[in-house]
Structures are given as structure tokens and as C-alpha cells.
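These are the residues of each chain, in order.
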Amino acid sequence: MATVPTPEMIPVRDGTRLAVHRWSGPGRGGAPVVLVHGLASNARLWDGAARRLSGLGHAVVAVDLRGHGASDKPDHGYGVDEVADDVADILGRLAGDSPGEDWSRPLVCGQSWGGNMVVERAA
């Protein structure tokens, strides 16, 4: 298994493309997991956790938020509402575009600022 998958670019509502890194579990039916990094970081923060979770049977996605990692870096859209909406857009795309995996109710984890985005979206 690769150390980290090649990012897949997924557009959000304003056309900004976010890099999504996917790890597929061995098919034991674990709940899918979405990992969101903190400010001034990127999805690579989650490499170790993603490998471990994948090894336990979970499908895992770590996202590079806008302006971070391999994602687009637009001149706008960095407010809490916009970035939390990006997380919602990614969750919606995963639920609709992941055959064989049930992304309708994933476990969503955030680190630092990413945790704030997850809580904002949940609210």
C-alpha cells in the first residue's frame, strides 16, 4: 500500500478544487472516516492515522482544505462559513460518488482549526 494516495481533485460549489486523499479499508465494513487538518497544515498530517484506520477496515478520506496542500488557493473564500461549506460539499460528493462504500453517515474528525470547521458544519 502507498504511503499516501495520490490526491483526487473534487470541485466545491464555487469551482475551487480540493485535494482528497483516499485510503480503502480491506472491506470489513468499518464506518467511513473523514479527516480534516488544522490551519497552516494539510492532509498529510493524518497519514499515520489514515493508514491505521484503513488497516482496521475503514474507508478513510483526508482533505486538503482550500489554500492548503494540493488544493486550489483562490483569493477568496477563507471565512469559517465558506470553509465549513467546503467540508459539507466534500461530504455530499463522497455520499454520492463512492460506489461500494456508505458515506451517508461518516465519522468526521478535525484537528485544531479543522475541528472548528467540523463543529461548525455539524451545528
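Here, the structure is the one placed above.
Asks: Talk me through the overall build of the protein chain; I want residue IDs and the actual numbers.
Replies: In terms of helices and strands, the protein chain carries 3 helices and 5 strands. In sequence order, the secondary structure elements of the protein chain are arranged as β-β-β-α-β-α-β-α. Relative to the compact-globule value of 14 Å for 123 residues, the protein chain shows a C-alpha radius of gyration of 13 Å, a close match. Buried residues in the protein chain amount to 41% of all 123 residues. Contacts spanning at least 24 positions in sequence make up 71% of the contacts within the protein chain whose residues lie at least 6 apart. Put simply, the protein chain shows about 6100 Å² of open surface, and 51% of that area lies on carbon and sulfur atoms.

Asks: An account of the environment of aspartate 72 is requested, with residue identities and associated values reported.
Replies: Locating aspartate 72 in the fold gives a position in the loop between β4 (60–64) and α2 (80–97). The exposure class assigned to aspartate 72 is partly exposed, which follows from its relative accessible area of 21%. Along the chain, aspartate 72 and proline 11 lie 61 residues apart, while their C-alpha atoms are 9.5 Å from each other. In this structure, aspartate 72 is in contact with Met9, Gly15, Thr16, Arg17, Arg66 and Gly67, ignoring residues within four places of it in sequence. One polar contact links the side chain of aspartate 72 to the main-chain amide nitrogen of arginine 17, over a distance of 2.8 Å.

Asks: Now, about the nonpolar core: what can you tell me, with residues and values included?
Replies: Side chains of a nonpolar character, in soluble globular proteins, are inclined to be buried together. Counting residues in hydrophobic clusters, the biggest one holds 19 residues, and the most contacted among them are Val63, Leu65 and Ile90. Going through the elements one at a time, β2 (17–23), β3 (33–36), β4, α2 and α3 (113–122) are the ones with two or more residues in this core. Top element by residues in this core is α2. It accounts for 5 residues. Setting aside its immediate chain neighbours within four residues, valine 63 contacts Leu18, Ala19, Val20, Leu35, Val36, His37, Ala43 and Ile90. Core analysis: the next-biggest nonpolar cluster, separate from the first, contains 8 residues, Trp23, Ala50, Val60 and Ala62 among them.

Asks: Quick one: what's the story with unusual backbone geometry, residue by residue and with numbers?
Replies: The phi angle at alanine 40 is positive, at roughly 65°, despite the residue not being glycine. The residue alanine 40 is located in the loop between β3 and α1 (47–55) in this model. One non-glycine residue, serine 112, lies in positive phi territory at about 55°. Examined against the element boundaries, serine 112 turns out to sit in the loop between β5 (107–110) and α3.

Asks: Describe the sheet that holds β5, listing the residues and the values that go with them.
Replies: The strand order across the open sheet formed by 5 strands is β1-β2-β4-β3-β5, and the pairing between neighbours is mixed. Where the open sheet ends on each side, the last strands, each with one partner, are β1 (8–11) and β5. With direction set aside, neighbouring strand axes in the sheet form an average angle of 30°. Taken together, the 4 bridges between β3 and β5 define a ladder with parallel strand orientation.

Asks: Requested: an account of the packing of α2 against α3, with residues and values cited.
Replies: To characterise two packed helices, one gives the angle between the axes of the helices and the distance between these axes. Taken N-terminus to C-terminus, the directions of α2 and α3 make an angle of 75°; their axes are 9 Å apart at the nearest point. When the axis of α2 is compared with that of α3, the two are roughly perpendicular. On α3, the residues touching Val80, Asp81, Val83, Ala84, Asp85, Val87 and Ala88 of α2 are Trp113, Met117, Glu120 and Arg121. A per-class count over the contact of α2 with α3 returns 7 nonpolar, no polar and 4 charged.

Each value, and the rule that gives it
Residues numbered from 1 in each chain as written. Predicted model: local features only at pLDDT ≥ 70, side-chain atom pairs only at ≥ 80, totals over all residues. Heavy atoms only, no water. Helix = DSSP H or I, 4+ residues; strand = E, 2+ residues; numbered from the N terminus. Rg over C-alpha atoms; globule rule 2.2 N^0.38 Å. Buried < 20%, exposed > 50% of the residue type's maximum accessible area, 1.4 Å probe, protein only. Contact = heavy atoms within 4.5 Å. Areas by Shrake-Rupley, 256 points an atom, 1.4 Å probe, with all protein chains shown as cover. Polar contact = N/O pair within 3.5 Å; in protein donor to acceptor, adjacent residues only side chain to side chain. Core = buried A, V, L, I, M, F, W, Y, C linked by side-chain atoms within 4.5 Å. Pairing = 2+ DSSP bridges. Axes fitted to C-alpha atoms, helices over the stretch in contact; angles between N-to-C directions. Parallel < 35°, antiparallel > 145°, perpendicular 65-115°, else oblique. Nonpolar A, V, L, I, M, F, W, Y, C, P; charged D, E, K, R; others polar.

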